[in-house]
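# Per-entry structural report
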Amino acid sequence: GGVGKSVIACTTSIYLAEKGFKTLIVTTDPTSHLQNIFGQEINYEPTAVSGQKNLFAARLDQKKTFEEYKERIINHLLEKFKNTSMPINVEATKKKIEEDLRSPCAQEMAAFEKFMSFFEITDYDIVIIDTAPTGHTLRLLELPTAWKGFIDIGTLTKQTSSETSKKYARIIETMRNPKKSTFVFVLFPEYTPIIEAFRASQELNKQAGIKTGLVAINFILPDNAGKNYFFNNRRKQQSKYLKEIKKRFKTPLISVPFLEQEPQGIDTLKKLGENIFGEKK
C-alpha cells in the first residue's frame, strides 16, 4: 500500500493506448484513486477515458459485485430446480439460498469471480488490473487453494462448484503463462517494501505457480536533485537497496523517478510513461 501502484498502472495503460492497443484498466482496490489520477469519474462499467482513443477504465464495486453474484446463484439454482420433478416453493428456496449467501466467504467469492471475469474479456487487446495492497490480493488468490471449502456455501450452492472450478483452472493457467500475462510488483527502495514484495512474490509462486514478471521501483531520486548532505546520503541508501532488489528479484526492473508533485492528469502521465519506458523526446 502507498507505493504508487495505481499511478504506475495508469501510466502504463496510457502508454499502451498511445501505442494503438485498445486498453482497459480496472481497479479492484476499494480505496483506489483512479478518478483523481485521470481527473474524471470511474464507473463500475468500462468508461472511455476523456481524450484517449484507445483507453477505458472501470472499478470493482464490492456491493454491486455481490448483488450480481447473489442474483446469478439464485437464478442458476432455481432454473435447475424447475427442470426436475421435485416440487419447489420458490420463495422459500430463494430465502434459503439468501441465508446461505450471507457468509463473509460468499462476499469474498463474489469479488474473486468478478476478478476472474476480467481475464475473460475479449473486447480489449490489453487488460491492466490495478489490485488492492499485497495482503488483500494474496488473500483473493488464496481462495481456490481450499476451493471446496470456499465455494460450497451451504448445501444448495454446491451445484455451481464444478463450473467455477473449471473457470479458475483456465484463468490460473493464463496468469502462469508469461506470453499472456505479467504480474508486476511495485515497491520503493527501502527495506520494508522490498521484504514485503519479495515474500509476496515467493508466496505467489508457491501458492499459485505464478512467477513475478516485472518489478517497478518507484521514488528513485534523480541525480541532479538536491546536491547536499541529506540528498547525497539518501542516494547512497537507495543505491544500496537497488542492489538488494536486483539480488532478490531475478526479473526485469523499471525505474520510476521521484517527482516534484504527485502525477495527475493525462499529459503528466504521458510524460512519466515516456520517462519510464525510455522514449524521451
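## What about the pattern of salt bridges?
- Taken as a whole and assessed by the stated rule, the structure comprises eight salt bridges.
- Between lysine 70 and glutamate 67 there is a salt bridge whose closest N-O contact spans 3.8 Å. One end of the pair is lysine 70 and the other is glutamate 67, both in helix 3 (residues 62-82) and three residues apart, which spans about a single turn.
- Classification of glutamate 67 as partly exposed rests on a relative accessible area of 39%.

## Description of unusual backbone geometry
- Its identity is not glycine, yet phenylalanine 219 carries a phi of approximately 65°, on the positive side.
- In this structure, phenylalanine 219 sits in strand 6 (residues 212-220).

## Observations concerning the packing of helix 3 against helix 5 (residues 104-117)
- Close contact between helix 3 and helix 5 brings their axes to 9 Å; oriented N to C, the two are set at 95°. By the angle class used here, helix 3 and helix 5 are roughly perpendicular. Contact residues: Thr65, Phe66, Glu68, Tyr69 and Arg72 in helix 3; Ala106, Gln107, Met109, Ala110, Ala111, Glu113 and Lys114 in helix 5.
- Along the lines of polarity and charge, the residues of the contact of helix 3 with helix 5 split into six nonpolar, two polar and four charged.

## Brief notes about the pairing of strand 6
- Extensive coverage of strand 6 is indicated by the burial of seven of its nine residues.
- Here strand 5 (residues 183-187) runs beside strand 6; their pairing, made up of five bridges, is parallel. Paired with valine 184 across the bridge in strand 6 is leucine 214.
- The β-α-β motif built from strand 5, the intervening helix 9 (residues 191-208) and the parallel element strand 6 has right-handed crossover chirality.
- Sheet topology note: the strand 6/strand 7 (residues 253-257) ladder contains four bridges and is parallel.

## Digging into the confidence of the model for the chain
- Confidence in the prediction for the chain averages 84 pLDDT; 86% of positions are at 70 or higher.
- Mean pLDDT across the secondary structure elements of the chain bottoms out at helix 7 (residues 147-151), with 44, and peaks at strand 6, with 96.
- Note on residues 146-159: pLDDT is under 50 here. Beyond four places in sequence and across chains, it has 40 contacts.

## Description of the packing of aromatic side chains
- On inspection of all chains with the given rule, the structure shows eight aromatic pairs.
- Through a chain of ring-to-ring contacts, the aromatic side chains of Phe188, Phe219 and Phe258 assemble into a single cluster.
- Sitting over the face of the ring of tyrosine 124, lysine 22 holds its NZ or CZ atom 5.1 Å from the ring centroid.
- One cation-aromatic arrangement involves arginine 248 over phenylalanine 198; the distance from NZ or CZ to the ring centre is 4.9 Å.

## Side note on the sheet that holds strand 6
- The strand order 5-6-7 describes an open sheet built from three strands, whose pairing is parallel. Lying at the two open borders of the sheet, with one neighbouring strand each, are strand 5 and strand 7. Strand-to-strand twist of the sheet, defined as the mean angle between neighbouring strand axes without regard to direction, takes the value 20°.
- Contacting strand 5 and strand 6, helix 9 crosses the sheet at an angle of about 165° to strand 5.

## Concerning the environment of serine 255
- Along the chain, serine 255 turns up in strand 7.
- Residue classification places serine 255 among the partly exposed residues on the basis of a relative accessible area of 42%.
- A sequence separation of 20 residues divides serine 255 from asparagine 275, and the C-alpha atoms of the two residues are 9.1 Å apart.
- In contact with serine 255, other than residues within four places in its own chain, are Ile217, Ile220 and Ile276.

## Describing the packing of helix 1 (residues 5-18) against helix 11 (residues 266-276)
- Following both chains from N to C, one finds helix 1 and helix 11 inclined at 85°, their axes separated by 9 Å at the closest point. In terms of their interaxial angle, helix 1 and helix 11 are classed as roughly perpendicular. For the pair formed by helix 1 and helix 11, the contact residues are Val7, Cys10, Thr11, Ile14, Tyr15 and Glu18 on the first element and Ile266, Leu269, Lys270, Leu272, Gly273 and Ile276 on the second.
- Across the contact of helix 1 with helix 11, the residue classes break down as eight nonpolar, two polar and two charged.

## Quick notes on helix 10 (residues 229-248)
- Over its 20 residues, helix 10 runs 29 Å from end to end, which matches the ideal 28 Å to within 8%, given 1.5 Å per residue.
- Buried within helix 10 we find Arg235, Gln238, Tyr241 and Ile245. Seen end-on, helix 10 carries its buried residues on one side only, within an arc spanning 135°. Exposed side chains of helix 10 directed beyond 90 degrees from the buried face belong to Tyr229, Lys236, Lys243 and Lys247.
- Lining the buried residues of helix 10 we find strand 5, helix 9, strand 6 and strand 7.

Rules and cut-offs
- Residues numbered from 1 in each chain as written.
- Predicted model: local features only at pLDDT ≥ 70, side-chain atom pairs only at ≥ 80, totals over all residues.
- Heavy atoms only, no water.
- Salt bridge = Lys/Arg side-chain N within 4 Å of Asp/Glu carboxyl O.
- Helix = DSSP H or I, 4+ residues; strand = E, 2+ residues; numbered from the N terminus.
- Buried < 20%, exposed > 50% of the residue type's maximum accessible area, 1.4 Å probe, protein only.
- Axes fitted to C-alpha atoms, helices over the stretch in contact; angles between N-to-C directions.
- Parallel < 35°, antiparallel > 145°, perpendicular 65-115°, else oblique.
- Contact = heavy atoms within 4.5 Å.
- Nonpolar A, V, L, I, M, F, W, Y, C, P; charged D, E, K, R; others polar.
- Pairing = 2+ DSSP bridges.
- Right-handed = clockwise from strand over helix to strand, strands pointing away.
- pLDDT = per-residue confidence, 0-100.
- Phe/Tyr/Trp six-rings, centres within 6.5 Å; stacked < 30°, edge-to-face > 60°.
- Lys NZ or Arg CZ within 6 Å of the ring centre and 35° of its normal.
- Expected span 1.5 Å × (residues − 1).
- Arc of directions from axis to C-beta.

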